[in-house]
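# Fold and contact review
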Amino acid sequence: VPWFFMLSGFVLFTAHLRRPKEEGVLEYVMRRSVSIYPLYAFSLLPAIALAKFADKVPSIGVLVAQSFLVQAWWPSWTEHAL
């Protein structure tokens, strides 16, 4: 995992040096969210269906936290997430 983060940082930094963009933090977060979140949200649907089939559906609070990508803020919820 540490090597992955180092490599990712290198690739992102190199890409930024080649084509620097004048964008703020909010613009960057929105641009990344638009490209990442739809696939994440779509993948939650089969995960919930499989959990329901296995009769291991987490609580509604965990599902809501997971849909907003904040389940890691509560460590006990992370253990019971999908």
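About the criteria used
Residues numbered from 1 in each chain as written. Predicted model: local features only at pLDDT ≥ 70, side-chain atom pairs only at ≥ 80, totals over all residues. Heavy atoms only, no water. Helix = DSSP H or I, 4+ residues; strand = E, 2+ residues; numbered from the N terminus. Rg over C-alpha atoms; globule rule 2.2 N^0.38 Å. Buried < 20%, exposed > 50% of the residue type's maximum accessible area, 1.4 Å probe, protein only. Areas by Shrake-Rupley, 256 points an atom, 1.4 Å probe, with all protein chains shown as cover. 1 Å grid on protein atoms, 1.4 Å probe; cavity = no way out; pocket = protein on both sides within 12 Å on 5 of 7 lines; lining within 4 Å. Points joined across faces, edges and corners; volume = space filled by probe spheres on them. Axes fitted to C-alpha atoms, helices over the stretch in contact; angles between N-to-C directions. Parallel < 35°, antiparallel > 145°, perpendicular 65-115°, else oblique. Contact = heavy atoms within 4.5 Å. Nonpolar A, V, L, I, M, F, W, Y, C, P; charged D, E, K, R; others polar.

Here we come to the overall build of the protein chain. Of the regular secondary structure elements, the protein chain holds four helices and zero strands. Helices (α) and strands (β) of the protein chain occur, in sequence order from the N terminus, as α-α-α-α. For the protein chain, whose C-alpha radius of gyration is 17 Å, the value lies well above the compact-globule estimate of 12 Å for 82 residues. Overall, the C-alpha framework of the protein chain stretches about 50 × 25 × 20 Å when taken along its three principal axes. In the protein chain, which comprises 82 residues, the share counted as buried stands at 11%. Summing over all exposed atoms, the protein chain offers an accessible surface of approximately 7,200 Å²; the carbon and sulfur share of this is 73%.

Let's shift gears to the layout of surface pockets. By volume, the largest pocket is sized at about 340 Å³. Residue lining of the largest pocket: Leu12, Phe13, Ala15, His16, Arg19, Lys21, Glu23, Tyr28, Arg31 and Arg32, and that is the complete set. Looking at the lining of the largest pocket, the elements with two or more residues in it are α1 (2–18) and α2 (25–53).

Another aspect to go through is the environment of Pro38. Its place among the elements puts Pro38 in helix α2. Along the chain, Pro38 and Tyr28 lie 10 residues apart, while their C-alpha atoms are 16 Å from each other.

Look at α2 against helix α3 (residues 60–67): their axes get within 10 Å of each other, and the N-to-C directions meet at 155°. Taken together, the axes of α2 and α3 lie roughly antiparallel to each other. Counted together, Tyr37, Tyr40, Leu44 and Ile48 of α2 and Leu63, Gln66 and Ser67 of α3 form the full contact between these two elements. Per-class residue counts for the contact of α2 with α3 are five nonpolar, two polar and no charged.

Here we come to unusual backbone geometry. Located in the positive-phi region is Asp55, a residue other than glycine, with phi close to 60°. Looking at where Asp55 falls in the secondary structure, it is placed in the loop between α2 and α3. Residues other than glycine seldom take positive phi values, yet Leu69 does so here, at roughly 65°.

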